[in-house]
Amino acid sequence: MRLILAIVLCVAWTLPGWAAGPTYRLEPRRIALDTYVFEGAVEHFTQENGGNILNSGFIVTDEGVIVIQTGPSRRYGEEMRAAIAKVTGKPILKVFVSNQHPDYFLGSQAFADVPIAALPGTIDGIRVEGRAVTENMYRLVGDWMRGTDAVVPTEAVLPATQVYGGHRLRLISLSGHTPADLAIYDETTRVLFAGGLVFSDRAPTTPHADIPRWLESLDVLAALDVAVLVPNHGTVRSDGSAISQTRDYLDWLTAALSRAAEGGLDMTEAMALGIPPRFSSLAVVQEEFIRSVAHLYPKIEQSVLIKID
């Protein structure tokens, strides 16, 4: 028996990744000139996917590399940086983080030697909630998070157009998905990194949502001349259909929950509402709808209550 165990351990320790832990096997996909995306799964955070549900990316400029989102863990950030190095030997110039949700910034330890930029509201959100969301990610995805700590972005950015090695990046300050949502539009290639505001073939998440402001932000994005749209989650598209899809879902969600509140339904009854067939193709739609009821319904109920003096 001891001999069998020794053989098993010997074989196991020679397998790739056994000693180093799990790997995301990140593969960058070129979507436009100098522009690459790491496509995540359209799922929830799980032990199986290690939290890899986000579309992160990078732009190789003449001066160096611009990174957009750092992923859900230190391991992801390190693997992302290694994958970038296989594409180009140019240095990392700057990292942009679009919002305070964990899959956008928890890989930032791998980029601690360069400026990490975000909107002031995102910096505040990470400073206040960073430790709590990190601990929650440990519970959700386990060993993938080993060694991960929340890193607060080091540079506050405001709406502006910044030029890096021939690429004109328009930084657009919006909100609605979270209190501060940064979209990045490359005027040179007409690629839009929409941050947390656009979902493509996946139901939107709403833990920090302000739906009216979110819809206003979608109006801003819809007005851009976009050749390639990178949503935070889901399919990369060559048109604005993901913006329309996100808007359609949010419009329906708001109307459905308002009608439910006006009809006197409690939260459990609201969770049992039917979802229109046109949204049946959206990944994790049933689960996200139930979560959205929990996030949004109390405030909607309050808005329809009749005050009695």
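Residues numbered from 1 in each chain as written. Predicted model: local features only at pLDDT ≥ 70, side-chain atom pairs only at ≥ 80, totals over all residues. Heavy atoms only, no water.

*Asks:* Looking at this structure, I do not really get empty space enclosed by the protein. What am I missing?
*Replies:* To locate leftover empty space, one rolls a probe as large as a water molecule over the atoms. Applying the stated criterion to the full structure yields one cavity of 30 Å³ or more. Space inside the largest cavity adds up to approximately 40 Å³. Residue lining of the largest cavity: Asn55, Gln69, Phe193, Ala194, Gly195, Val230, Pro231 and Asn232, and that is the complete set. Looking at the lining of the largest cavity, its residues break down into four nonpolar, four polar and no charged. (1 Å grid on protein atoms, 1.4 Å probe; cavity = no way out; pocket = protein on both sides within 12 Å on 5 of 7 lines; lining within 4 Å. Points joined across faces, edges and corners; volume = space filled by probe spheres on them. Nonpolar A, V, L, I, M, F, W, Y, C, P; charged D, E, K, R; others polar.)

*Asks:* Help me understand the pairing of strand β9 (residues 167-174) in this model?
*Replies:* Regular strands have side chains that alternate between both faces of the sheet. With five bridges connecting them, strand β8 (residues 160-164) and β9 associate as antiparallel partners. Within β9, the position partnered with Tyr164 by the bridge is His167. Across six bridges, β9 lies against strand β10 (residues 181-186) in antiparallel orientation. Looking at β10, one finds that Arg170 is bridged to Tyr185. Connecting β9 to the antiparallel partner β10 that follows it, the hairpin turn spans six residues, and Gly176 within it adopts a positive phi of roughly 130°. (Pairing = 2+ DSSP bridges. Helix = DSSP H or I, 4+ residues; strand = E, 2+ residues; numbered from the N terminus.)

*Asks:* Can you walk me through the sheet that holds strand β13 (residues 228-230) in this structure?
*Replies:* In a beta sheet, neighbouring strands are held together by backbone hydrogen bonds and run either parallel or antiparallel to one another. Taken together, the five strands give an open sheet; going across it, the order is β8-β9-β10-β11-β13, and neighbouring strands pair in mixed fashion. At either margin of the open sheet sits one strand with a lone partner, and together these are β8 and β13. In this sheet, adjacent strand axes meet at a mean angle of 20° when their direction is disregarded. Where β10 lies against strand β11 (residues 191-193), three bridges are found, and the strand directions are antiparallel. (Axes fitted to C-alpha atoms, helices over the stretch in contact; angles between N-to-C directions.)

*Asks:* Sorry, what's going on with the nonpolar core here?
*Replies:* One broad rule of soluble globular proteins: the nonpolar side chains tend to lie buried together. One finds Leu192, Val198, Trp214, Leu221, Leu229, Tyr249 and Leu257 to be the most contacted residues of the largest nonpolar core, which totals 38 residues. Among the secondary structure elements, those contributing two or more residues to this core are β9, β10, α5 (211-222), α6 (241-262) and α8 (285-304). Sort the elements by how many residues they give to this core and α6 lands first, with 10 residues. Non-local contacts of Trp214, meaning those with residues more than four positions away in its chain, are made with Ser175, Gly176, His177, Gly196, Leu197, Phe199, Pro204, Thr205, Thr206, Ala209, Thr246 and Leu250. Core analysis: the next-biggest nonpolar cluster, separate from the first, contains 31 residues, Leu26, Met80, Leu106 and Ile126 among them. (Core = buried A, V, L, I, M, F, W, Y, C linked by side-chain atoms within 4.5 Å. Buried < 20%, exposed > 50% of the residue type's maximum accessible area, 1.4 Å probe, protein only. Contact = heavy atoms within 4.5 Å.)

*Asks:* Help me understand the packing of α5 against α6 in this model?
*Replies:* A pair of packed helices is captured by two measures, namely the crossing angle of their axes and the spacing between those axes. Between α5 and α6, whose axes approach to 10 Å, the crossing angle comes to 160°. Of the possible angle classes, the one that applies to α5 and α6 is roughly antiparallel. In terms of crossing hand, the pair formed by α5 and α6 is left-handed. For the pair α5 and α6, contact is made by Ile211, Trp214, Leu215, Leu218, Asp219, Leu221 and Ala222 and by Ile243, Thr246, Arg247, Leu250, Asp251 and Thr254, respectively. (Parallel < 35°, antiparallel > 145°, perpendicular 65-115°, else oblique. Left-handed = near helix turned anticlockwise from the far one by under 90°.)

*Asks:* How should I be thinking about the side chain of Asp181 in this particular structure?
*Replies:* Checked against the element boundaries, Asp181 lands in strand β10. It turns out Asp181 is buried and unbridged, and the closest side chain with the opposite charge, Arg213, is 9.0 Å from it. For Asp181, the side chain forms a polar contact with the main-chain nitrogen of Gly176, separated by 3.2 Å. In this structure, Asp181 is in contact with Ser98, Asn99, Leu119, Ile172, Ser173, Leu174, Ser175, Gly176 and Leu197, ignoring residues within four places of it in sequence. (Lys, Arg positive; Asp, Glu negative; His and termini not counted. Salt bridge = Lys/Arg side-chain N within 4 Å of Asp/Glu carboxyl O. Polar contact = N/O pair within 3.5 Å; in protein donor to acceptor, adjacent residues only side chain to side chain.)

*Asks:* Would you mind showing me how to read helix α2 (residues 74-87) here?
*Replies:* Residues that lie three or four places apart on an α-helix share one face, since the helix turns once every 3.6 residues. Given a rise of 1.5 Å per residue, 14 residues ought to cover 20 Å, and the 20 Å separating the end C-alpha atoms of α2 matches this to within 8%. Buried within α2 we find Arg75, Tyr76, Gly77, Glu79, Met80, Ala83 and Ile84. Those residues of α2 that are buried are in contact with β2 (35-38), β3 (56-60), β4 (65-68) and β5 (92-96). (Expected span 1.5 Å × (residues − 1).)

*Asks:* I keep staring at the pattern of salt bridges and nothing clicks. Help me out?
*Replies:* Under the counting rule described, the total for this entry stands at 16 salt bridges. For the salt bridge of Arg29 with Glu39, the shortest nitrogen-to-oxygen distance reads 2.9 Å. With Arg29 in strand β1 (residues 29-32) and Glu39 in the loop between β2 and β3, the pair connects residues that are 10 residues apart, well separated along the chain. When the shortest N-O distance is used, the salt bridge between Glu155 and Lys94 registers 2.7 Å. With Glu155 in strand β7 (residues 155-156) and Lys94 in strand β5, the pair connects residues that are 61 residues apart, well separated along the chain.

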